[in-house]
Amino acid sequence: MTDSDTNNALRSIPSMDGLLNAAWAREFSGCLGRKAVKKIIAEALDGLKRDIRRGAQFDLPVDELAPLRAENLLRARAARTLKPVINATGVVVHTNLGRAPLADEAIRAVHEIAGAYNTLEYSPEKGGREGRNAHVEWSLCQITGAEAALAVNNNAAAVLLALSALAAGREVIVSCGELVEIGDSFRIPEILSFSGAKMIAVGCTNVTRISDYRNAITENTALLLKVHPSNYRIAGFVKSASREELAELAASRNLVFMEDLGSGLLCRFDAAFANREQPVRDCLKAGSGIVTFSGDKLLGGPQIGVIAGSKDLLDRMKRHQLLRALRVDKMTLAAFEATLRMYLSGRQGEIPVIRMIELDKPSLLKKARVLCRMLQDTASLETGDFAVSVVETADAVGGGAYPTDLLPGYGVAIRAPSGSAEKLALGLRTARVPVIPGIRDDCVILHVRALLSGDERLIAASFAEAAQALTKR
Ligand SMILES: *Cc1c(COP(=O)(O)O)cnc(C)c1O
């Protein structure tokens, strides 16, 4: 482009007033306000000007492109960004996709509490204040066998509060093999330093013996910490001190033994591999004085962190100032209370996360066949030639639980006519109802394990949308 082309292109951008008065712009003023609409149009025009100056080539003349870009940006800004998606990744506890979808009972509880005054910190019998933790403490104790329990914002907060209350200014002994980073920015050494405790790392990456802990104890030691390695495994020559050994050592030296369990497994699963993970109750019975775990991993509830264990230790946390900053919102507590009641009544199998993990191969195959048939019908209506078939998949629990145990599953593979799985996946992810698939061997794979009831029909619609866009291009 010559300078005069650039100037002509810049001059052909429509005026702000003209755009603001267009029918589509006035529609957006209804939901965003006129001031914001003006700002967003200006932003779109600035972007267009930058592209023109860079010498970008366009499919459309600038005077037609400008309103299109403005309208697209307005649509993006007017839309909700936190919205439901369909999880076709086969990862049940998917942190980026919001971890555990709640059980119907938990959803109803949130719905009831959200728009009403409620007993969050009030006892109608007393006619006065009652702590919010009371809604879940008894159930947690009943299910885990703990003397006392406390719910906070998430497990990271649980670890932070426990260490702050029990070990600030003193030493915490932890194995080098357990100085892990979990998910986004939860690092054991950093949480320890944040709590004001001094970390004493003992042993080696692959081997830590009970004698390593014993030799590190000083008069300033407050706590022995064991951390579930979650998303990380080392293979080969590996040794660590057992829970029982650590509990015994802590008791004999009058120290606290605390365990960060990560995923809160409240009951045993049917799945054979699941027996390698110990339920919270067994950890406490084996001598963990304090355990912490998440509410939205294997437990299948809302985002929450639980600290459970002996009453005198929990009392120190309940009195700690930090608790005020980590306390749990009413909607979350409502969902958690309802989820715990499902465990109490033995109906945990109806909790979505648990149901999905326990799905057997015949049921998954059946689901995959149903989805496959629907997608084949959709594909035949489109002009493109999509190959759609049932395939075996490797699914996962996710959330740091069982990182090396893949769950055998089924899914539907779609091969796009252009051969570009990426493009089809993008189309599915950006459809009106976003579908998040896996990709393998240049095929889009829709794992059926984590689908919720009714998702098949929605996937077919999103596939039609994505397929149309793909064949039009
Ligand atoms: C997941 C996990 C955490 C963090 O829990 P959040 O509930 O996400 O805050 C901490 N420790 C372990 C071992 C974990 O697996």
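*Asks:* Can you walk me through the sheet that holds strand β13 (residues 305-309) in this structure?
*Replies:* What links the strands of a sheet is backbone hydrogen bonding, and the strands pair in either a parallel or an antiparallel sense. Read from one edge of the open sheet, 7 strands run β5-β13-β12-β11-β10-β6-β9, paired in mixed fashion. Taken across any chain shown, the strands that pair with only one partner, and hence form the sheet edges, are β5 (148-152) and β9 (198-202). Each strand axis lies, on average, 20° off the axis of its neighbour in the sheet, ignoring direction. When strand β6 (residues 171-175) meets strand β10 (residues 221-227), the two strands line up parallel, connected through 4 bridges. If you follow V174 over to β10, its bridge partner there is L225. Along the sheet face, helix α8 (residues 155-167) touches β5, β6, β10, β11 (256-263), β12 (290-294) and β13 and points at about 175° away from the line of β11. Each of β10 and β11 is contacted by helix α11 (residues 243-252), which is oriented at about 150° to β11, the strand it contacts most.

*Asks:* What am I meant to see in the sheet that holds strand β16 (residues 435-440) here?
*Replies:* One open sheet accounts for 6 strands, arranged β1-β16-β17-β15-β14-β2; its pairing is mixed. Among the strands making up the open sheet, the edge pair consists of β1 (86-88) and β2 (91-93). When strand polarity is set aside, the average angle formed by the axes of neighbouring strands in this sheet is 35°. Each of β14 (387-398), β15 (407-415) and β17 (443-447) is contacted by helix α17 (residues 361-381), which is oriented at about 10° to β15, the strand it contacts most. Against the sheet, helix α19 (residues 455-472) contacts β1, β15, β16 and β17, and its axis sits at roughly 90° relative to β1.

*Asks:* Explanation requested: the site of the ligand in the structure shown.
*Replies:* Close to the ligand lie R99, N154, N155, A156, I182, F186, H228, S230, D260, G262, S294 and K297. Within the side chain of R99, one N or O atom sits 2.9 Å away from an oxygen atom of the ligand. At 3.0 Å from an oxygen atom of the ligand is found a main-chain nitrogen or oxygen belonging to N155. In isolation the ligand exposes 380 Å². Once the protein is present, 93% of that is buried.

*Asks:* What exactly am I supposed to notice about the pairing of β17 here?
*Replies:* The side chains of a regular strand alternate, residue by residue, between the two faces of the sheet. Taking burial as the measure, the 5 residues of β17 include 5 buried ones, the bulk of the element. What you see with β17 is no split at all: C443, I445 and H447 on one side and V444 and L446 on the other are buried throughout. Where β15 and β17 come together, 4 bridges link them in antiparallel fashion. Counterpart to A413 in the pairing with β17 is I445. Pairing of β16 with β17 involves 3 bridges; the strand directions are antiparallel. The residue of β17 that forms the bridge with G438 is I445. Adjacent in sequence and paired antiparallel, β16 and β17 are bridged by 2 residues, among which D441 carries a positive phi angle near 50°.

*Asks:* Quick question: what am I supposed to make of the nonpolar core here?
*Replies:* Proteins that are soluble and globular tend to have nonpolar side chains buried together. Core analysis: the biggest nonpolar cluster contains 43 residues, and L140, L266, V291, F293, L298, F336 and Y343 have the highest contact counts within it. Of all elements in the fold, only β2, α7 (134-144), β5, α12 (280-285), β12, β13, α15 (330-344) and α16 (352-358) reach the threshold of two or more residues within this core. The biggest single contributor to this core is α15, with 5 residues. Each of domain 2 (86-94 + 356-471) and domain 3 (104-350) gives at least three residues to this core. Apart from the residues within four sequence positions on either side, L140 is in contact with G145, A149, F293, V306, F336 and L340. Of all hydrophobic cores here, the second largest spans 35 residues; its members include A162, I191, A197 and M258.

*Asks:* Would you mind going over the layout of surface pockets with me for this structure?
*Replies:* Think of a ball as big as a water molecule: rolled over the atoms, this probe shows where empty space is left. Considered as a void within the structure, the largest pocket measures approximately 1100 Å³ in volume. Considering the residues around the largest pocket, the lining is formed by 39 residues, among which L97, G98, A100, P101 and L102 are closest to the centre. Those elements that provide at least two residues to the lining of the largest pocket are β1, α6 (104-114), α15 and α16. Take the lining of the largest pocket: its biggest share by element is 5 residues, from α6. By residue class, the composition of the lining of the largest pocket is 20 nonpolar, 9 polar and 10 charged. Here the lining of the largest pocket spans two domains, since at least three of its residues come from each of domain 2 (86-94 + 356-471) and domain 3 (104-350). Size it by volume and the second largest pocket reaches roughly 730 Å³. Listing elements by their share of the lining of the second largest pocket, those giving two or more residues are β10 and β11. A per-element tally of the lining of the second largest pocket places β11 first, with 4 residues. Its residues placed into classes, the lining of the second largest pocket shows 11 nonpolar, 11 polar and 10 charged. Split by domain, the lining of the second largest pocket shows at least three residues from each of two domains, domain 2 (86-94 + 356-471) and domain 3 (104-350).

*Asks:* What is the right way to read the side chain of S263 from this model?
*Replies:* Its location among the elements puts S263 in strand β11. Judged by its relative accessible area of 7%, S263 is buried. The contacts of S263, once residues within four sequence positions are left out, are F293, K297, L298, G399 and A401.

*Asks:* What should I look at first to understand the side chain of S288 in this one?
*Replies:* For S288, the location among the structural elements is in the loop between α12 and β12. Residue S288 is classed as buried on the basis of its relative accessible area, which comes to 4%. Separated by 2.8 Å, the side chains of S288 and E259 make a polar contact. Among residues more than four places away in sequence, those in contact with S288 are R243, F257, E259 and C283.

*Asks:* Explanation requested: the domain arrangement of the chain in the structure shown.
*Replies:* Bring the parts together and some accessible area is lost; that lost area is often taken as the interface size. Domain annotation for the chain reports domain 1 (3-78), domain 2 (86-94 + 356-471) and domain 3 (104-350). Here the C-alpha centroids of domain 1 and domain 3 sit 52 Å apart.

Thresholds applied
Residues numbered from 1 in each chain as written. Predicted model: local features only at pLDDT ≥ 70, side-chain atom pairs only at ≥ 80, totals over all residues. Heavy atoms only, no water. Pairing = 2+ DSSP bridges. Helix = DSSP H or I, 4+ residues; strand = E, 2+ residues; numbered from the N terminus. Axes fitted to C-alpha atoms, helices over the stretch in contact; angles between N-to-C directions. Contact = heavy atoms within 4.5 Å. Near = heavy atom within 4 Å. Polar contact = N/O pair within 3.5 Å; in protein donor to acceptor, adjacent residues only side chain to side chain. Areas by Shrake-Rupley, 256 points an atom, 1.4 Å probe, with all protein chains shown as cover. Buried < 20%, exposed > 50% of the residue type's maximum accessible area, 1.4 Å probe, protein only. Core = buried A, V, L, I, M, F, W, Y, C linked by side-chain atoms within 4.5 Å. Domains from an automatic or database assignment. 1 Å grid on protein atoms, 1.4 Å probe; cavity = no way out; pocket = protein on both sides within 12 Å on 5 of 7 lines; lining within 4 Å. Points joined across faces, edges and corners; volume = space filled by probe spheres on them. Nonpolar A, V, L, I, M, F, W, Y, C, P; charged D, E, K, R; others polar.

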